[in-house]
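Understanding the architecture of this molecule
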Amino acid sequence: MTALLVGVGVALALEGAAYALAPEAMKRFLLQILDMPGDQLRIAGLVALVSGVALVAFLGA
């Protein structure tokens, strides 16, 4: 459970850093996401999911 909370904390820190360091770039990025087709977002999400699980599995081994 502690590892999960650490992971959530790291994710929040990275997300916060992106908005704090480059708020205008993040706005542009979010506008681009709104224009993307749903299937493309789904594929990007699946790639991120698989990459994250693989990274956690690799680091946990």
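See the structure shown above.
Residues numbered from 1 in each chain as written. Predicted model: local features only at pLDDT ≥ 70, side-chain atom pairs only at ≥ 80, totals over all residues. Heavy atoms only, no water.

1. Considerations on the overall build of the protein
Helix and strand counts for the protein come out as 3 helices and 0 strands. In the protein, the order of α-helices and β-strands from amino to carboxyl end is α-α-α. For 61 residues, the compact-globule formula gives about 10 Å, and the C-alpha radius of gyration of the protein, at 14 Å, lies well above that figure. Viewed in the frame of its principal axes, the protein has a C-alpha envelope of about 40 × 30 × 15 Å. Relative to its 61 residues, the protein shows a buried fraction of 2%. Approximately 5,300 Å² of the protein is accessible, and the part contributed by carbon and sulfur atoms is 76%. (Helix = DSSP H or I, 4+ residues; strand = E, 2+ residues; numbered from the N terminus. Rg over C-alpha atoms; globule rule 2.2 N^0.38 Å. Buried < 20%, exposed > 50% of the residue type's maximum accessible area, 1.4 Å probe, protein only. Areas by Shrake-Rupley, 256 points an atom, 1.4 Å probe, with all protein chains shown as cover.)

2. Thoughts on the environment of Ala 44
Within the element layout of this structure, Ala 44 appears in helix α3 (residues 38-60). Between the alpha carbons of Ala 44 and Gln 32 there is a distance of 13 Å; along the sequence they are 12 residues apart.

3. Digging into the pattern of salt bridges
Across all of its chains, the model carries 2 salt bridges by this definition. When the shortest N-O distance is used, the salt bridge between Lys 27 and Glu 24 registers 3.5 Å. Here Lys 27 pairs with Glu 24, and both are found in helix α2 (residues 23-35), just 3 residues apart, close to one helical turn. Residue Glu 24 is classed as partly exposed on the basis of its relative accessible area of 48%. Asp 39 serves as the salt-bridge partner of Arg 42, at 3.3 Å between the closest nitrogen and oxygen. With Arg 42 and Asp 39 both in helix α3 and 3 residues apart, this pair spans about one turn of that helix. Relative accessible area serves as the criterion here: at 55%, Asp 39 is assigned to the exposed category. (Salt bridge = Lys/Arg side-chain N within 4 Å of Asp/Glu carboxyl O.)

4. Examining the packing of helix α1 (residues 2-21) against α2
At a minimum axis separation of 5 Å, α1 and α2 run at an interaxial angle of 110 degrees. Between α1 and α2, the interaxial angle falls into the category roughly perpendicular. For the pair α1 and α2, contact is made by Ala 18, Tyr 19, Ala 20 and Leu 21 and by Pro 23, Met 26 and Leu 30, respectively. Each residue belonging to the contact of α1 with α2 can be placed in one class, and the counts come to 7 nonpolar, no polar and no charged. (Axes fitted to C-alpha atoms, helices over the stretch in contact; angles between N-to-C directions. Parallel < 35°, antiparallel > 145°, perpendicular 65-115°, else oblique. Contact = heavy atoms within 4.5 Å. Nonpolar A, V, L, I, M, F, W, Y, C, P; charged D, E, K, R; others polar.)

5. Thoughts on a nonpolar patch on the surface
A contiguous nonpolar surface patch, about 580 Å² in accessible area, is contributed by Met 1, Leu 4, Leu 5, Val 8 and Leu 12. Looking at the element boundaries, Val 8 is found in helix α1. Since its relative accessible area comes to 43%, Val 8 is described here as partly exposed. (Patch = residues over 30% accessible without salt bridge, like charges linked within 9 Å, V, L, I, M, F, W, Y side chains within 5 Å.)

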